[in-house]
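# Fold and contact review
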Amino acid sequence: MKIGVVGCGGRMGRMLVAEVLATEGAVLQGAIEQAGSPLIGRDAGELVGAGPAGVAVTDDPVPLFAAADAVLDFTTPAATVAFSRLAAQGRCVHVIGTTGLGTEHISELQKAARHTRIVQSANMSMGVILLAALVEKVAAALDPDFDIEVFEMHHRHKVDAPSGTALLLGGAAASGRGVDLDQSAERGRDGVTGPRAPGAIGFSVARGGDVVGEHKVMFAGPGERIELAHIATSRTIYARGAVRAARWAIPHDPGYYTMRDVLGL
């Protein structure tokens, strides 16, 4: 498996490089950073403390998407859309863990998926994907008088809220109930808000310290409460899931896939 990493200098990018180098049967095909980065020219293996890998960091993704079997991408929405076009041209698997994607970004990714295999998920953790499946089942099973709240906490440097994972879990709850998340979501409360709207799916956000990621979905009903939670203690779980997604997607037909497909859910 020839695997490349874009955004290799970021926190997750370095994790992805390290995971590829540590994966049996995988070869680091290339490592990309944006033009002007001080990392250009450095050995990608040395960048992550794994020793020389013989792969220099560059700012040109075109040769990588032409030669790699798969490229791992945890960058920004605009960059991800641009990379998806290169993946379509090179028929290269594009594994996307980028958060903050809007409907306009997803639409562009789906166009690229006509020509290649795209695996996109707001969270690449196998545990989180299983949690989402459970949330959907519980939401479908409970009466509508159970209120649903999604809680999430991340490190102080995270720039988007609610997190992509929180929205993924909220979407699972909405799917279980057969409602539209955009119409049901209640994302902020301040001051005199009045009573909770019937059927609302609430989101609560906390930021601080170096928290990797904590998510909890609460179903609060009359006289009882159900809580489903996932706590991440290392970002390696996301890198491990991304490599697994690449391995799964390589032999598949072009299409738009998620981690649920990878796990057979």
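Rules used throughout
- Residues numbered from 1 in each chain as written.
- Predicted model: local features only at pLDDT ≥ 70, side-chain atom pairs only at ≥ 80, totals over all residues.
- Heavy atoms only, no water.
- Phe/Tyr/Trp six-rings, centres within 6.5 Å; stacked < 30°, edge-to-face > 60°.
- Helix = DSSP H or I, 4+ residues; strand = E, 2+ residues; numbered from the N terminus.
- Buried < 20%, exposed > 50% of the residue type's maximum accessible area, 1.4 Å probe, protein only.
- Lys NZ or Arg CZ within 6 Å of the ring centre and 35° of its normal.
- Axes fitted to C-alpha atoms, helices over the stretch in contact; angles between N-to-C directions.
- Parallel < 35°, antiparallel > 145°, perpendicular 65-115°, else oblique.
- Contact = heavy atoms within 4.5 Å.
- Nonpolar A, V, L, I, M, F, W, Y, C, P; charged D, E, K, R; others polar.
- Pairing = 2+ DSSP bridges.
- Polar contact = N/O pair within 3.5 Å; in protein donor to acceptor, adjacent residues only side chain to side chain.

This part is about the packing of aromatic side chains. Going through the model one piece at a time under the given rule, you end up with two aromatic pairs. Ring geometry for F65 and F83: centres 5.7 Å apart, planes at 20°, overall stacked. Of the two residues, F65 sits in helix α3 (residues 62-67) while F83 sits in helix α4 (residues 77-90), which places them 18 residues apart along the sequence. Relative to Y257, the ring of W248 lies with its centre 5.1 Å away and its plane at 80°, an arrangement referred to as edge-to-face. Both residues of the pair, W248 and Y257, belong to the buried class. One residue, K216, lies across the ring of F151, its end atom 5.3 Å from the ring centre.

A separate point is unusual backbone geometry. In this structure, the amide linkage connecting A161 to the following residue, P162, adopts the cis form with an omega of -10°. At R91, a residue that is not glycine, the phi angle is positive and equals roughly 55°. Within the element layout of this structure, R91 appears in the loop between α4 and β5 (93-96).

At their nearest, the axes of α4 and helix α5 (residues 103-112) sit 9 Å apart, and the two run at 10° to each other. The orientation of α4 with respect to α5, classified from their angle, is roughly parallel. In contact with P77, T80, V81, S84, R85 and A88 of α4, α5 contributes H105, E108, L109 and A112. Each residue belonging to the contact of α4 with α5 can be placed in one class, and the counts come to five nonpolar, three polar and two charged.

To continue, consider the sheet that holds strand β4 (residues 70-73). Two modes of strand pairing occur in sheets, parallel and antiparallel, and in both the strands are linked by backbone hydrogen bonds. Spatially, β3-β2-β1-β4-β5-β6-β12 is the arrangement adopted by the seven strands of the open sheet, whose pairing is parallel. Across the chains shown, the open sheet's two edge strands, defined by having one partner strand only, are β3 (57-58) and β12 (255-257). Along the sheet face, helix α1 (residues 11-22) touches β1 (2-6), β2 (27-32) and β4 and points at about 165° away from the line of β1.

The next thing to look at is the environment of K2. On the secondary structure map, K2 appears in strand β1. Given the relative accessible area of 35%, K2 is considered partly exposed. C-alpha of K2 to C-alpha of R85: the two residues are 83 residues apart in sequence and 19 Å apart in space. Each residue touching K2, except ones within four places of it in the same chain, is listed here: V27, Q29, A67, A68, D69 and A70. A distance of 3.3 Å separates the side chain of K2 from the backbone oxygen of A67, its partner in a polar contact.

You can see E186 is positioned in strand β8 (residues 185-186). For E186, a relative accessible area of 19% translates into the label buried. In this structure the side chain of E186 is engaged in a polar contact, spanning 2.6 Å, whose partner is the side chain of R189. Apart from residues no more than four positions distant in its own chain, E186 is found in contact with A197, A200, I201, G202 and F203.

Taking strand neighbours across the sheet as the criterion, the five strands line up as β8-β9-β7-β10-β11 in an open arrangement whose pairing is mixed. Each edge of the open sheet is held by one strand with a lone partner, namely β8 and β11 (224-232). In this structure, strand β10 (residues 213-221) lies alongside β11, joined through nine bridges in antiparallel fashion. Bridged to K216 within β11 is A229. Sheet strands in contact with helix α6 (residues 126-141) are β7 (147-154), β10 and β11, and its direction is about 165° off that of β11. The sheet contacts of helix α7 (residues 164-177) involve β7, β9 (201-207) and β10, and relative to β7 the element is tilted by about 165°.

Bear in mind that shape data such as this cannot, by itself, settle questions of function.
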